[in-house]
Amino acid sequence: VTLVACFPPTSGLFRYFHRVIMLPWYYLSSHPDWGMHGLLTEYLRPELFPEPWPGNGVMSKEYDTVYRGFFTGLATGSDALPLWKLPLGAWVQPMLRWTPLVFLMSLSIIALQFLVHRQWSRHEQLSYPVAQVASSFCQISGGRRGLPDLFKSRLFWWGFVPVFCLLMLQYLSQWYPETIPQISQMMPDFKRWDLPISTKIPILKKIPNYWAINGQTLYFTIIGLAFFVSSEISLTMGLAPFFLVLLGSLYFLGTGAMIEDSYLETGRAGTFVGYTMILLFTGRHYFRAVFARALGFGRRKEVCEETEDDDVSVIAARVLMLGTFGFTIVLSWMCQSWTMAIFYGLGMMIAYLVISRIVCESGIPFVQAGWNPGDLLLRLLGPAAIGPHALTFLVWGTGVLAQDPRECLIPYVATGIKAADDSGVKLRKLFWIVIAAGGIALTVAYFSSTSALYNYNPMGDSYAAKYPPVEYFDRIARNFNVMKASGLFEESLHSSALQRLSLASSSPVETHYFFYGMIAVIACSMLRLRFSKFPIHPLLFLVVGTYPSSQSWGSFMVGWFIKMLVVRFGGGGVYQKMKPLFIGLIAGELFVIGLSVFVDFLYFFVYGTPSPIKINLMPG
């Protein structure tokens, strides 16, 4: 339940929700092309914005409170307005539209994860490394009460204490720089290293994310999690940047140009689609039986075992179908195109499903898809096939629904289900508890985010306040220019949803990369199914070129190397006995992170201002 409550107030939703809705009006005056095309006033429904709607040009006292108050903040110094004095009434109308969309999306995601849980955990026996580590803190042998077994292990403390002491020294040295020296001043900085590889090999600068191979920061959490996953997965995660180096070098030598980021993004979208096809293929018998029962055509014996898991899977399948149908209906009203709503919703489900799979297999603490459904539709279909209204909403709405899935809901649900299942919790009851917890978390996060942003203005987060509200509308304006220059704008505007599909005109290069990615991940998956010792995992194609992969490959390589040595020279018995040591590494780093957050909270409570000291111990 705690995990499920983590996504609404963070990058998963409310970091961007209010900003993407409100701040385009703030930047409108400095972007005349937005006004020339009428992006905010003609192609988005007024009901999606707080009242009074600024599109009519009337600047009233209510506008000053609702909009200008949001841009500048309503608090006086450190004295914040209470929730009941904020202009919440202006948000009633838009929230009546946005709430069903967000809740149905969350409901569908929760149901999707419950649906695939048994296939992944029982039939395919995924490692779920994050859930393994979390569950280890709850295990008490003999059914008794008291201290968990983990805290009685000396190996755990051998991992915890050194990491805790080193990171605490690093943290305290920032508070007291004149008294406590930094780690790098006392010993070689084993946590961070930099090698100017790209200056020695200039061709590397022609490769996206080339900086990743010039240096790395070792994260004890990722090293520890890598010990819990299969060796080929940790090796694959470590080799991902080098695969990009090889790919980018061959492309540059063959064409004389740097490979475009958009090619990588489109190719990665193809890998997500291809991997979804593999997941459906490997679980085809199970999913067919579950959906047959969900639709009333199957019988209980068609599922392998008559357990409670069967019941929750069937319930999840029914909720998934109803939730997805409702989400598509609401989205089609918002974007004014039922065909694009179907394509967009399908793309979102594919992205979230594969993100969950990456976390469940690799244990990476955060992951990004590196593509979004709105951009993918533009590249594969072209703007005229989407239509001006749908194009405007889907590109802009991506900032609300899928801007940054590093903290999206589905991996949290996956980890929570696995930990609960291993502890004997009844999944049927948990299903409804998780849905209720998600609804409560969305409600609390909405009011807390609204209060914080209206009181202290949204500009404190420079990235969230500037990039999504501006970049998406700039992209829309560019595509409007393309449609008008090609003479297809009016035809696209007045055609029906099905008629627009005949205007599809994708970029051949983008389409090729989409299918290259799909074919690559399918071929790699088939090789793994055919040859059990095939060393490369399809995750290579799913994460290559992403920011999380660039940040964490060094830690995965260290974890892979340590595990390889332990298994080779100690065997499986020593490997099992060594697990508490690596849990200690993880706990030591996370404890310091938690302690720093607690100190920040106390500092703000006492002094009324944010702490001047920030420590970054984890990527993202």
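Everything that follows concerns the structure shown earlier in this document.
Residues numbered from 1 in each chain as written. Predicted model: local features only at pLDDT ≥ 70, side-chain atom pairs only at ≥ 80, totals over all residues. Heavy atoms only, no water.

A. Spotlight on the overall build of the chain. Within the chain, the secondary structure is distributed over 26 helices and two strands. On C-alpha atoms alone, the chain measures out to a radius of gyration of 25 Å, which is about the 25 Å that the 2.2 N^0.38 rule sets for 620 residues. Reported as C-alpha extents along the three principal axes, the dimensions of the chain are approximately 70 × 60 × 60 Å. Looking at the chain as a whole, 54% of its 620 residues are labelled buried. For the chain, the share of sequence-separated contacts (at least 6 apart) that also reach a separation of at least 24 residues comes to 81%. Within the structure as shown, the chain displays about 27,600 Å² of accessible surface, and the carbon and sulfur contribution to it stands at 64%. Taking the average place of the 46 positive charges on the side chains of the chain and the average place of its 37 negative ones, the gap between the two points comes to 8 Å. (Helix = DSSP H or I, 4+ residues; strand = E, 2+ residues; numbered from the N terminus. Rg over C-alpha atoms; globule rule 2.2 N^0.38 Å. Buried < 20%, exposed > 50% of the residue type's maximum accessible area, 1.4 Å probe, protein only. Contact = heavy atoms within 4.5 Å. Areas by Shrake-Rupley, 256 points an atom, 1.4 Å probe, with all protein chains shown as cover. Lys, Arg positive; Asp, Glu negative; His and termini not counted. Charge placed at Lys NZ, Arg CZ, Asp CG, Glu CD.)

B. Representation of the nonpolar core within the structure. Core analysis: the biggest nonpolar cluster contains 147 residues, and Trp 98, Phe 114, Phe 393, Trp 396 and Phe 431 have the highest contact counts within it. Here the element with the most residues in this core is helix α5 (residues 92-123); it accounts for 15 residues. Residue contacts for Phe 114: discarding those within four places in its chain leaves Val 312, Ser 313, Ala 316, Val 413, Ile 417, Leu 427, Leu 430, Phe 431 and Val 434. Grouped together as the second largest cluster of nonpolar side chains are 25 residues, Leu 167, Tyr 171, Tyr 575 and Ile 583 included. (Core = buried A, V, L, I, M, F, W, Y, C linked by side-chain atoms within 4.5 Å.)

C. Quick look at the packing of aromatic side chains. Scanning the model with the defined rule gives 47 aromatic pairs in all. Ring centres 6.3 Å apart and planes at 80° place the aromatic pair Phe 227 and Phe 228 in the edge-to-face group. Across the pair, exposure class does not vary: Phe 227 and Phe 228 are buried alike. When the ring of Phe 431 is compared with that of Trp 432, the centres are 4.9 Å apart and the planes differ by 70°; the resulting orientation is edge-to-face. The class of Phe 431 is buried, set by a relative accessible area of 0%. Looking at Trp 432, the relative accessible area reads 45%, which means it is partly exposed. Three or more aromatic residues link up through ring pairs in this structure, and these residues are Phe 14, Phe 17, Trp 25, Trp 34, Phe 49, Trp 53, Trp 98, Phe 393, Trp 396, Tyr 446, Phe 447 and Phe 473. Over the ring of Trp 333 we find Arg 45, and its NZ or CZ is 4.2 Å from the ring centre. A cation over an aromatic ring shows up here: Arg 357 above the ring of Trp 120, its NZ or CZ 5.1 Å from the ring centre. (Phe/Tyr/Trp six-rings, centres within 6.5 Å; stacked < 30°, edge-to-face > 60°. Lys NZ or Arg CZ within 6 Å of the ring centre and 35° of its normal.)

D. Layout of unusual backbone geometry. Cis geometry is found at the peptide bond from Glu 51 to Pro 52, where omega equals 0°. Positive phi, normally seen in glycine, also occurs at Tyr 128, with a value near 45°. Topologically, Tyr 128 is positioned in the loop between α5 and α6 (129-136). Tyr 128 gets classed as buried once you look at its relative accessible area, which sits at 2%. At Asn 209, a residue that is not glycine, the phi angle is positive and equals roughly 60°. Examined against the element boundaries, Asn 209 turns out to sit in the loop between α9 (197-200) and β2 (215-217). Of the residues examined, Asn 209 reaches a relative accessible area of 25% and is grouped as partly exposed.

E. How the structure looks around the environment of Met 22. Mapped onto the elements of the fold, Met 22 is located in helix α1 (residues 17-27). Setting aside its immediate chain neighbours within four residues, Met 22 contacts Pro 50, Val 66, Tyr 67, Phe 70, Phe 71, Trp 91 and Tyr 454.

F. Highlighting helix α19 (residues 409-422). Its 14 residues give α19 an end-to-end C-alpha distance of 20 Å, which sits within 8% of 20 Å, the value for a rise of 1.5 Å per residue. By the criterion of burial, α19 is predominantly enclosed, with twelve of the 14 residues buried. Tucked into the core, α19 has its buried residues touching α5, α6, α15 (338-362) and α20 (427-456). At the C-terminal side of α19, Gly 424 shows a positive phi close to 85°. (Expected span 1.5 Å × (residues − 1).)

G. Representation of the state of the cysteines in the model. On inspection of all chains with the given rule, the structure shows zero disulfides. The closest cysteine sulfur to the non-disulfide-bonded Cys 138 is located on Cys 6, 15 Å from its own sulfur. (Disulfide = S-S within 2.5 Å.)

H. Layout of the pattern of salt bridges. A complete count under the given rule lists 13 salt bridges for this structure. Here Asp 421 and Arg 122 are joined by a salt bridge, their closest N and O atoms 3.2 Å apart. Residue Asp 421 is located in helix α19, and its partner Arg 122 is located in helix α5; the two are separated by 299 residues in the primary sequence. (Salt bridge = Lys/Arg side-chain N within 4 Å of Asp/Glu carboxyl O.)

I. Fine view of helix α16 (residues 373-381). The buried fraction of α16 amounts to eight of the nine residues, a majority that puts the element mostly inside the structure. Within α16, burial applies to Pro 373, Gly 374, Asp 375, Leu 376, Leu 377, Leu 378, Arg 379 and Leu 381. The N-cap residue of α16 is Asn 372: its side-chain oxygen and the backbone nitrogen of Gly 374 are 3.1 Å apart. (Polar contact = N/O pair within 3.5 Å; in protein donor to acceptor, adjacent residues only side chain to side chain.)

J. Layout of a nonpolar patch on the surface. A contiguous nonpolar surface patch, about 720 Å² in accessible area, is contributed by Phe 598, Phe 601, Leu 602, Phe 605, Val 606 and Tyr 607. Mapped onto the secondary structure, Leu 602 falls in helix α26 (residues 547-607). (Patch = residues over 30% accessible without salt bridge, like charges linked within 9 Å, V, L, I, M, F, W, Y side chains within 5 Å.)

K. Up close: the packing of α15 against helix α18 (residues 388-401). At a minimum axis separation of 11 Å, α15 and α18 run at an interaxial angle of 25°. Comparing the axis directions of α15 and α18 gives the class roughly parallel. Here α15 and α18 pass one another in a crossing that is right-handed. Contact residues: α15 offers Met 340, Tyr 344, Met 348 and Tyr 352, while α18 offers Ala 390, Leu 394, Gly 397, Thr 398 and Leu 401. In the contact of α15 with α18, the residues fall into seven nonpolar, two polar and no charged. (Axes fitted to C-alpha atoms, helices over the stretch in contact; angles between N-to-C directions. Parallel < 35°, antiparallel > 145°, perpendicular 65-115°, else oblique. Left-handed = near helix turned anticlockwise from the far one by under 90°. Nonpolar A, V, L, I, M, F, W, Y, C, P; charged D, E, K, R; others polar.)

L. Structural view of the side chain of Ser 495. Mapped onto the fold, Ser 495 is located in the loop between α22 (489-494) and α23 (497-500). You can call Ser 495 buried: its relative accessible area is 15%. Looking at Ser 495, its side chain comes within polar contact range of the main-chain oxygen of Glu 491, at 2.4 Å.

M. Local environment of the packing of α5 against α18. Between α5 and α18, the shortest axis-to-axis distance is 12 Å and the interhelical angle comes to 65°. Between α5 and α18, the angle falls in the class roughly perpendicular. α5 and α18 meet at a crossing whose hand is right-handed. Mapping the contact onto sequence places Trp 98, Leu 101, Val 102 and Met 105 in α5 and Phe 393, Trp 396, Val 400 and Leu 401 in α18. Among the residues making up the contact of α5 with α18, the classes are represented as eight nonpolar, no polar and no charged.

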